[in-house]
Amino acid sequence: MTHWWRHAAIYQIYVRSFADGDGDGTGDLAGVRNRLPYLRELGVDALWFTPWYTSPMADGGYDVADYRDIDPLFGTLAEAERLVEEAHTHGLRVLVDLVPNHCSDQHHWFQEALAAGPGSAARERFWFLPGRGESGELPPNDWHSYFGGSAWTRITEADGTPGPWYLHMFAPQQPDLNWEHPEVRAEFEDILHFWLRRGVDGFRIDVAHGLAKKPGLPDVGPDPDPTDLPYQDHDDVHDIYRSWRKILDGYPGDRIFVGEVWLPSAEQFARYLRPDELHSAFNFDFLCSSWEPAALRDVVDSTLAAHGPVGAPPTWVLSNHDTIRHVTRYGRADTSFDMGDKRLGDPSDLTLGRRRARAAALLTMALPGGVYIYQGDELGLPEVQDLPDAVLQDPTFLRSGGADRGRDGCRIPLPWQPGGAALGFSPDAATAAPWLPQPADWAPLSVAEQTADPDSFLTLYRTALALRSARLTALPETLTWVDTPPDTLCFDRAGGFRCLVNATDTPVPLPPDATVLLSSAPLEESAEGRVLPADSTVWLDMN
Ligand code: GLC
């Protein structure tokens, strides 16, 4: 019996946009509890909840003010406890999002630090440093925030004098914690215990590569080596995960850490997955790959090569709450993804994008390892690229002065019904519109419409997840490439299972004696027999 997490299908719930139980236009825990049967029927193994903690929502909850309570927008701690229990009753495990790199500027530690004044112990839990220049008017170093602008903000002391600067690798409302400080370490160990005692099955670790900084916080310099940046992947970070792993392993059940590790080299990435550190991490190389067979094959090979030596299972991810919905990405002329340049507004052929997204779903689910499904992937939702400026909430939009339109377009509330309040996202008695508007033409994409349609995205996901559980998850984590025409990808798993992906724009023949298990598009007949149409994937039984 292998560990569940080595082959799990994990569904990401962006709580604000999943389902609104109380009618205030924002998704909440009541909404999730109502929809647990949907998630069970979808056939996933676990749920990952994006941060549900008390937060001023400067970054959608990734600015945590209290790690041990639930934001009132989402519900109460008692409700979260019930949700964990109910999910378990439905056979669904629960992962919560841990945000250790930074907290909210409203967290009591940061408020204390501001009030305590210069040189105080309370300021040592963060990175408060004097500025450079004659009167400290320049930031302490040249680091940039991932959200644009300097990574430093200068404070004004209580007496009105200009004070030191504090570090925030993200928004100014997200001060970075100083992981050299023993109280920071102790606090997060206690937070782990707090949620483990409440039965959670693991943690997704936000910005897992970022906690430890290079001592002295040196400048990046004009021509930085991307594999050696002072604000990420410092060796000390691994000690943190080793100590956390001991805590986790002290609890019964098969609990896990999943790291959000964005790093340029596979060697750096794999170090987080050593047997005494994290169990797995998101495979962003795959998410960023273009829909081209050679590129896809390379990334599958390099993924397997990086994970093998550390014994960790690979994961396959197509989209998340920070990226472009892959239906839209795959319909563009350039199908790759770059976090630094999302090219929002680039034209996309959504019919083509949907076709490729269906093919990609079957590819990822056939590969050895775990898969992540971002809410709405199973409905084939596109990115919403034409949100008016007035509704945009993402700090990346605001911090970049509008140059980056941000991540709101992949966070639109889910359509559940073809009609009703916010297409069933909110109850009929809703008192407010959804926090982001849904496109007028999303009714046919709703869960209810797709449930009734045997050819829908949702039906494909349900069928594929069920087949995957029945045929693939117990197999050895290996694949064998099969020689097929150029621009196709074909591999065998044990037990006679074959996956064939046609990423060309013309049909390719199927092996004559194979039994078709599932295909992402209807197969066609030619004079030579059955063919797999362009941009589609088929699962075959070769026995
Ligand atoms: C991660 C999250 C992202 C958030 C950032 C800062 O990248 O996925 O949504 O903005 O961390 O916490």
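This one's a predicted model, so the numbers in the text were calculated from it and none came from an experiment.

Participant: Explain the overall build of the protein residue by residue, including any values.
Facilitator: Per the secondary structure count, the protein includes 14 helices and 21 strands. Relative to the 2.2 N^0.38 estimate, which gives 24 Å for 543 residues, the radius of gyration of the protein is 24 Å and therefore close to what a compact globule would have. Reported as C-alpha extents along the three principal axes, the dimensions of the protein are approximately 85 × 55 × 50 Å. Relative to its full complement of 543 residues, the protein shows a buried share of 59%.

Participant: Outline the sheet that holds strand E9 (residues 202-205), listing residues and values.
Facilitator: Across the sheet, eight strands lie side by side as E11-E10-E9-E5-E2-E1-E13-E12; this open sheet has parallel pairing. Two strands bound the open sheet, and with one partner strand each, they are strand E11 (280-281) and strand E12 (315-317). With four bridges connecting them, strand E5 (residues 93-98) and E9 associate as parallel partners. Within E9, the residue paired with Asp97 across the bridge is Arg204. Together, strand E1 (9-13) and strand E13 (370-374) form the strand contacts of helix H14 (residues 457-471), whose direction differs from that of E13 by roughly 160°.

Participant: Go over the site of the ligand with me, naming the residues and quoting the values.
Facilitator: Every one of the 14 residues lining the ligand counts as a neighbour, but Asp59, His102, Asp206, Glu260 and Asp322 are closest to it. Contact between the ligand and Asp206: an oxygen atom at 2.8 Å from a side-chain N or O atom of the residue. Split by residue class, the shell around the ligand holds four nonpolar, three polar and seven charged.

Participant: Outline the domain arrangement of the protein, supporting the account with residue identities and numerical values.
Facilitator: When the domains of the protein are assigned, the result is domain 1 (4-104 + 181-461), domain 2 (108-167) and domain 3 (478-541). Between the C-alpha centres of domain 2 and domain 3 there is a distance of 58 Å.

Participant: Break down the packing of aromatic side chains for me, with residues and values.
Facilitator: For the structure on display, the rule yields 34 aromatic pairs. Measuring from centroid to centroid gives 5.4 Å for Tyr241 and Trp244, while their planes differ by 70°, and the two rings are edge-to-face. In this pair, Tyr241 and Trp244 are both assigned in helix H6 (residues 237-249), three residues apart and thus about one turn of the helix distant. Residue classification places Trp244 among the buried residues on the basis of a relative accessible area of 1%. With a centroid separation of 5.2 Å and 80° between ring planes, the pair formed by Phe286 and Trp316 is classed as edge-to-face. On the criterion of sequence distance, the pair formed by Phe286 in helix H8 (residues 284-288) and Trp316 in strand E12 is long-range, its members being 30 residues apart. Owing to a relative accessible area of 1%, Trp316 belongs among the buried residues under this scheme. Sitting over the face of the ring of Trp435, Arg16 holds its NZ or CZ atom 3.7 Å from the ring centroid. Lying over the aromatic face of Phe128, Arg123 brings its terminal NZ or CZ to 5.1 Å of the ring centre.

Participant: So what's going on with the environment of Ile373? Residues and values would help.
Facilitator: Checked against the element boundaries, Ile373 lands in strand E13. By relative accessible area, Ile373 is classed as buried at 2%. When the C-alpha atoms of Ile373 and Gln12 are compared, they prove to be 6.0 Å apart, with 361 residues separating the residues in sequence. Once you skip the residues sitting within four places of it in the chain, Ile373 turns out to touch Ile10, Tyr11, Gln12, Val44, Glu378, Tyr461 and Leu465.

Participant: Talk me through the packing of helix H11 (residues 350-366) against H14; I want residue IDs and the actual numbers.
Facilitator: Following both chains from N to C, one finds H11 and H14 inclined at 10°, their axes separated by 10 Å at the closest point. By the angle between their axes, H11 is roughly parallel relative to H14. On the side of H11, the interface is formed by Arg354, Ala357, Arg358, Ala361, Leu362 and Met365, while H14 contributes Phe457, Leu460, Tyr461, Ala464, Leu465 and Arg468. Taken together, the residues of the contact of H11 with H14 break down into nine nonpolar, no polar and three charged.

Participant: So what's going on with the pairing of strand E2 (residues 46-49)? Which residues, and what values?
Facilitator: A two-sided burial pattern is seen for E2, the buried positions comprising Ala46 and Trp48 on one face and Leu47 and Phe49 on the other. Judged from the four bridges that link them, E1 and E2 form a sheet pairing that is parallel. The residue bridging Ile13 from the neighbouring strand is Phe49, located in E2. Where E2 lies against E5, four bridges are found, and the strand directions are parallel. Bridging across to E5, Trp48 finds its partner in Leu95.

Participant: For the sheet that holds strand E19 (residues 524-526), give the residues involved together with the corresponding values.
Facilitator: Sheet strands associate in pairs through backbone hydrogen bonding, adopting either a parallel or an antiparallel arrangement. Pairing is antiparallel across the open sheet formed by three strands, whose spatial order is E17-E20-E19. Taken across any chain shown, the strands that pair with only one partner, and hence form the sheet edges, are strand E17 (508-509) and E19. Pairing between E19 and strand E20 (residues 529-532): three bridges, direction antiparallel. Looking at E20, one finds that Glu525 is bridged to Arg530.

Participant: Kindly report on the nonpolar core, identifying the contributing residues and their values.
Facilitator: Among soluble globular proteins, nonpolar side chains are generally buried collectively. Counting 151 residues, the largest nonpolar core has Tyr11, Trp52, Trp195, Phe203, Tyr241, Trp244 and Trp539 as the members making the most contacts within it. For this core, the leading source of residues is H11, giving eight residues. Counting 14 residues, the second-largest nonpolar core is a separate cluster that includes Phe147, Trp152, Leu167 and Phe170.

Participant: Hey, could you go over H11 for me, with residue numbers and the actual values?
Facilitator: Side chains of residues three or four places apart in an α-helix project in the same direction, reflecting 3.6 residues per turn. When the terminal C-alpha atoms of H11 are compared, their 24 Å separation across 17 residues agrees well with the 24 Å that a helix rising 1.5 Å per residue should span. With respect to burial, H11 is a largely interior element, 12 of its 17 residues being buried. Listed as buried for H11 are Gly353, Arg356, Ala357, Arg358, Ala359, Ala360, Ala361, Leu362, Leu363, Thr364, Met365 and Ala366. Two or three places before Thr351, at the start of H11, stands the capping residue Asp349, its side-chain oxygen 3.1 Å from that residue's backbone nitrogen.

Participant: So what's going on with helix H3 (residues 77-89)? Which residues, and what values?
Facilitator: Here H3 spans 19 Å end to end across 13 residues, near enough to the 18 Å set by a 1.5 Å rise per residue. For H3, every residue scored as buried is listed here: Leu77, Glu79, Ala80, Leu83, Val84 and Ala87. For H3, the arc enclosing every buried residue in end-on projection is 155°, short of the 170-degree limit, so these residues lie on one face. Projecting away from the buried face of H3 at angles above 90 degrees are the exposed residues Glu85 and Thr89. Those residues of H3 that are buried lie in contact with helix H1 (29-34), helix H2 (36-42), E2, strand E4 (66-70), E5 and helix H5 (182-197).

Criteria and thresholds
Residues numbered from 1 in each chain as written. Predicted model: local features only at pLDDT ≥ 70, side-chain atom pairs only at ≥ 80, totals over all residues. Heavy atoms only, no water. Helix = DSSP H or I, 4+ residues; strand = E, 2+ residues; numbered from the N terminus. Rg over C-alpha atoms; globule rule 2.2 N^0.38 Å. Buried < 20%, exposed > 50% of the residue type's maximum accessible area, 1.4 Å probe, protein only. Pairing = 2+ DSSP bridges. Contact = heavy atoms within 4.5 Å. Axes fitted to C-alpha atoms, helices over the stretch in contact; angles between N-to-C directions. Near = heavy atom within 4 Å. Polar contact = N/O pair within 3.5 Å; in protein donor to acceptor, adjacent residues only side chain to side chain. Nonpolar A, V, L, I, M, F, W, Y, C, P; charged D, E, K, R; others polar. Domains from an automatic or database assignment. Phe/Tyr/Trp six-rings, centres within 6.5 Å; stacked < 30°, edge-to-face > 60°. Lys NZ or Arg CZ within 6 Å of the ring centre and 35° of its normal. Parallel < 35°, antiparallel > 145°, perpendicular 65-115°, else oblique. Core = buried A, V, L, I, M, F, W, Y, C linked by side-chain atoms within 4.5 Å. Expected span 1.5 Å × (residues − 1). Arc of directions from axis to C-beta.

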